[in-house]
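# Survey of secondary and tertiary structure
Given next are the chains, with one letter for each unit.
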Amino acid sequence: IKFGDDGLRAIADSLAKTELKILYFSFRSCSCLSGEAIAYLIGELPNSLCDLRIRLHEEVDDHGVKKIAEHLKALPKLHRVRFSFRQCIKISSSVIDLVKACSPELEMLGLNLLGCKQVTGDCLAQIAKFLPKSLVEFCLDCQDCPEVEKDGLLALGSALEKHKISKVTISAAPHFKASALEHVTAWATLQ
């Protein structure tokens, strides 16, 4: 079965009139879906949605993520968000736009950036600036991100400490666990 943009738009249209509260989608093997179609899905989700988890496919790029971010702003009750960009080698700073677009009432944010070769330490530092004050749980996987360096992780760690987030999970390259983040092991669970 070939599932494309038109099929996803049809699903989005059918979800728009529901009172849906939780939605998990995996587009891992759906490389024929455009970022615009995934953004359309986000834009059609009902305002009742409070928990969203999406696994994007490897071909999603910054343009698609920015479109998704534009539509994410329209979900004011969204309290839990998890985006997996695993192996999305075409994304970089658009993840910042996604974090900016999250509800100010967001309680949980999960970002799987494993293998995102263009994501930098500066990107993580920028993400830290836009974390909602209401956040109580933060999960990040930035393993196999060669452009993420110690300073970016330190900036992120400092911001997380200021937010007094109760649950933090960071998966990073092994040498960061010993050097960049050792001062925050009291509050962060490092995997």
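Below or above, wherever it landed, is the structure these notes cover. (Residues numbered from 1 in each chain as written. Predicted model: local features only at pLDDT ≥ 70, side-chain atom pairs only at ≥ 80, totals over all residues. Heavy atoms only, no water.)

## Quick notes on the layout of surface pockets
Note the cut-off: Cavity: a set of points on a 1 Å grid over the protein atoms alone where a 1.4 Å probe fits but cannot get out. Pocket: an open set with protein on both sides within 12 Å along at least five of seven lines, its lining residues, like those of a cavity, having an atom within 4 Å of a point. Grid points are joined across faces, edges and corners, and a volume is the space filled by probe spheres set on the points. Working definition: helices are DSSP H or I runs of at least four residues, strands are E runs of at least two. Numbering for both runs from the N terminus. When residues are sorted by character, Ala, Val, Leu, Ile, Met, Phe, Trp, Tyr, Cys and Pro go into the nonpolar class, Asp, Glu, Lys and Arg into the charged class, and all the rest, Gly among them, into the polar class.
Estimates place the volume of the largest pocket at around 190 Å³. If you go around the largest pocket, you meet 13 residues; those closest to its centre are Arg 53, Arg 82, Phe 83, Ser 84 and Asn 112. Breaking the lining of the largest pocket down by element, the ones donating at least two residues are β1 (22-26), β2 (51-55), β3 (80-84) and β4 (108-112). For the lining of the largest pocket, a count of residues per class yields seven nonpolar, three polar and three charged.

## Details of the packing of helix α3 (residues 62-72) against helix α4 (residues 94-101)
Packed helix pairs are specified by the crossing angle of their axes together with the interaxial distance, meaning the distance between the axes. Convention followed: In this description, a line fitted to the C-alpha atoms serves as the axis of each element, helices being fitted only across the stretch in contact, and the angle between N-to-C directions of two axes falls anywhere from 0 to 180 degrees. By the definition adopted for this analysis, an angle is roughly parallel if under 35 degrees, roughly antiparallel if over 145, roughly perpendicular if from 65 to 115, and oblique otherwise. Residues count as neighbours in contact if any of their non-hydrogen atoms are within 4.5 Å of one another.
Two elements in contact, α3 and α4, have axes separated by 8 Å at closest approach and are oriented at 5 degrees. Relative to α4, the element α3 is oriented roughly parallel. For the pair α3 and α4, the contacting residues are Asp 62, Val 65, Lys 66, Ile 68, Ala 69 and Leu 72 in the first and Ser 94, Val 95, Asp 97, Leu 98 and Ala 101 in the second. Residues belonging to the contact of α3 with α4 are distributed by class as follows: seven nonpolar, one polar and three charged.

## Details of the nonpolar core
This is how the line gets drawn: Nonpolar core, defined: a set of buried Ala, Val, Leu, Ile, Met, Phe, Trp, Tyr and Cys residues in which side-chain atoms within 4.5 Å join the residues together. Burial status follows relative accessibility: with a 1.4 Å probe on protein chains alone, a residue under 20% of its type maximum counts as buried, one over 50% as exposed, and anything between as partly exposed.
Counting 60 residues, the largest nonpolar core has Phe 83, Phe 85 and Leu 113 as its most contacted members. Setting aside anything within four residues of it in sequence, one finds Phe 83 in contact with Leu 52, Ile 54, Leu 56, Ile 68, Leu 72, Leu 98, Gly 110, Leu 111 and Asn 112.

## A look at the pattern of salt bridges
Heads up, the rule is: Within this document, salt bridges are pairs made up of a side-chain nitrogen of Lys or Arg and a carboxyl oxygen of Asp or Glu, the two lying within 4 Å of each other.
All chains considered together, the criterion is met by seven salt bridges. A salt bridge links Glu 59 to Lys 90; its shortest N-O distance comes to 2.6 Å. With Glu 59 in the loop between β2 and α3 and Lys 90 in the loop between β3 and α4, this pair connects stretches of sequence that are 31 residues apart. Overall, Glu 59 belongs to the partly exposed group, its relative accessible area being 41%.

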